[in-house]
Amino acid sequence: MDRKWWKEAVAYQIYVRSFKDSNGDGIGDLRGIIEKLDYLKKLGIDIIYLNPINKSPNDDNGYDISDFKDIMDDFGNMQDFDDLLRETHIRDMKLVMDLVINHSSDEHPWFTEAKKSKQSKYRDYYIWKKGEAGTPPNNWGSFFGGSAWEYHEDTDEYYLHLFSKKQPDLNWENNDFREDIKRVIKFWIDKGVDGFRMDAINHIAKDDEFKDGKVHEGKIYGDFLPYVQNLPKVHEYIRDIRKEINNPEIVLIGETGGISYHNAYLYTGADKKELDFTFHFDMHSVGRGEKDWERTPLNLIKDIKEKMSGWQTRDDKEGWCPLFYSNHDTTRTVSRLGNDEDYLEESAKMLATLMFTQKGTPFIYYGEEIGMTNNKGFELEDYRDVAIFNNYKDYVESGLISEENFMKGLQYTSRDNSRTPMQWNDNINGGFTKGKPWIKANQNYTKINVKEQEKNPTSILNYYKKAIDIRKKYQSLVYGEFTEINREHEEIYAYLRELETEKLLIVVNFFDNTPQIKIEKEIDLEKSELILSNYDTDKIKNKLNVLELRPYEARIYLIK
Ligand code: TEU
Ligand code: CA
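What you see is a predicted model; the values in this text were computed from it and never measured.

1. Quick look at the packing of helix 13 (residues 386-396) against helix 14 (residues 403-413)
It is the contact of helix 13 with helix 14, at a shortest axis distance of 11 Å, that shows an interaxial angle of 155°. Comparing the axis directions of helix 13 and helix 14 gives the class roughly antiparallel. Note that helix 13 runs across helix 14; the crossing there is right-handed. Note on element contacts: helix 14 touches helix 13 through Glu-403, Phe-406 and Leu-410, opposite Ile-388, Asn-391, Tyr-392 and Val-396. Per-class residue counts for the contact of helix 13 with helix 14 are five nonpolar, one polar and one charged.

The structure is reproduced here in structure tokens:
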């Protein structure tokens, strides 16, 4: 296994807008992050991954960039960035930026020039098509509701936007554009950035026939995924970027929907010279029902074991993987995979035990380390996600979906569940801001916050610290062999991690009952040392390798 700094690291994702507001405008910012670097260092963080911080009109909270080489006004200025990068490096932490290059903002100069004339040099930086008698070039629907095409009257053509209409897709077929975007990447590398998370990178190649997509049951528009996701040409463009970067110490992380453990090697295989690892969407869908307002009970084998062990048991040459259960595009981990009602602490700690004992780079999503949960009781006007309001028009105002089901669907699936202000203490808005927060704080900040948990030795936060310490102490958790045991058990997930003579057994119960498991392995638990548990350890009984686990109980044994 070739050793890399980013394989041994623990990462932390910061949704900058919601992390810490330093100037009272209700929006998180770079100086707010600087205030909290010591908190992150103490937690055991090695990599900080920031959601986009470039200049943006914020139609999609920074994922619509109007200047790739400057900092968003809401977050501060380039001096603040230079200070943040320096302070991060002084603390021996690394900084990974979000690189959003599948599209730009419609306020980017390239696009404003492109709109002026079909003869503009920048016209072909984007994807323009004629419509047919007032209708778009095809029936594609955007990820954020409505058509994927926006009509531009002055030049009588439509432009493509897989996301919002203020996010026109960039044309990667255009060589001048590709040379320009390489200059952007070089600019940030020269400033000292340690790596990039490449947003929606699997969409940068489009099928050039622009055929209509299938209109699935209950949908209004055609499905464009087969024509805009993971097409072969994506690899050619990424290899070109990697060659340009030409520095193995710079980590390149993809974001690739529609990819999982059986085909991630297409992007991350050692022989591909493309990405080091890639964010997938496997955990996003767990628990989701047929409709957004429906839930399905957790099926441990199908939803968890097959997926997680699938990533764990790939051949090393297929590449590395992230270990994450939440980010800014899905809901809060403990609400989706755990139990945020009766067993918040136990289940949050159980999930953390998985994250820090598997092979891959753990990514803590801000607030996960204190068990932040989904919102309860947001009204429609409390939501901020651009993806919501087009869908409301398309589906509720047209009567296709009832208001009640639409609102319930948001409660279960909205990205805004994971974008409420970080809960630092029990002051108003969780101590995130002295102003009015850009999005309402989750009202449980009075109970779930950093200050309370720092002083409580059995808090979720202190469990994360212990689990991270254990991960850094035992190399088998980073580079060791993963062997799942008792796959058929429907409530308990159990596996070994081994490296030379070091052997750890991890067992977790995913439910609120007390199942037993007989460890079918030539290990003698009587002689093993229990090195971490989310329950008090003196009441643990296990004889003859039969373990009985309490609700959401998690244990790590050092096998002697
Ligand atoms: O999300 C990408 C994304 O949502 C698509 O890749 C899609 O969900 C996936 O391919 C389905 O298989 C990124 C950011 O994470 C998100 O916050 C932004 O809104 C989006 O791109 C646009 O930049
Ligand atoms: Ca601010």
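2. Describing the coordination of the calcium ion (ligand 2)
Every protein donor of the calcium ion (ligand 2) is accounted for by Asp-21 (OD), Asn-23 (OD1), Asp-25 (OD), Ile-27 (O) and Asp-29 (OD), and the metal-donor separations fall at 2.2 to 2.4 Å. Sequence positions of the donors to the calcium ion (ligand 2) reduce to the motif D-x1-N-x1-D-x1-I-x1-D. We classify Ile-27 as buried; its relative accessible area is 10%.

3. Topic: unusual backbone geometry
The general pattern is negative phi for most residues beyond glycine and trans for most peptide bonds. The backbone phi angle of Asn-58 is positive, close to 60°, even though this residue is not glycine. Along the chain, Asn-58 turns up in the loop between strand 3 (54-55) and strand 4 (67-71). Of note in the backbone geometry, Asp-156 takes a positive phi value of approximately 50° without being a glycine. Turning to its location among the elements, Asp-156 is positioned in the loop between strand 7 (149-152) and strand 8 (157-160). Classification of Asp-156 as partly exposed rests on a relative accessible area of 38%.

4. What to know about the layout of surface pockets
Approximately 580 Å³ is the volume attributed to the second largest pocket. In this structure, the second largest pocket is lined by 28 residues; those nearest its centre are Trp-6, Thr-268, Ala-270, Leu-275 and Asp-276. Mapped by element, the contributors of at least two residues to the lining of the second largest pocket are helix 1 (5-8), helix 8 (233-245) and helix 10 (300-312). Class assignment of the residues belonging to the lining of the second largest pocket gives a composition of eight nonpolar, seven polar and 13 charged.

5. Structural notes on the pairing of strand 9 (residues 195-198)
With burial as the criterion, each face of strand 9 is covered, one bearing Gly-195 and Arg-197 and the other bearing Phe-196 and Met-198. Across four bridges, the pairing between strand 5 (residues 94-99) and strand 9 is parallel. Paired with Asp-98 across the bridge in strand 9 is Arg-197. Strand direction decides the pairing type here: strand 9 and strand 10 (residues 251-255), joined by four bridges, are parallel. Residue pairing in the sheet places Met-198 in a bridge with Gly-254 of strand 10.

Criteria and thresholds
Residues numbered from 1 in each chain as written. Chains lettered and ligands numbered in written order. Predicted model: local features only at pLDDT ≥ 70, side-chain atom pairs only at ≥ 80, totals over all residues. Heavy atoms only, no water. Axes fitted to C-alpha atoms, helices over the stretch in contact; angles between N-to-C directions. Helix = DSSP H or I, 4+ residues; strand = E, 2+ residues; numbered from the N terminus. Parallel < 35°, antiparallel > 145°, perpendicular 65-115°, else oblique. Left-handed = near helix turned anticlockwise from the far one by under 90°. Contact = heavy atoms within 4.5 Å. Nonpolar A, V, L, I, M, F, W, Y, C, P; charged D, E, K, R; others polar. Donors = N, O, S within 2.8 Å, 3.2 Å for Na, K, Ca; no water. Buried < 20%, exposed > 50% of the residue type's maximum accessible area, 1.4 Å probe, protein only. 1 Å grid on protein atoms, 1.4 Å probe; cavity = no way out; pocket = protein on both sides within 12 Å on 5 of 7 lines; lining within 4 Å. Points joined across faces, edges and corners; volume = space filled by probe spheres on them. Pairing = 2+ DSSP bridges.

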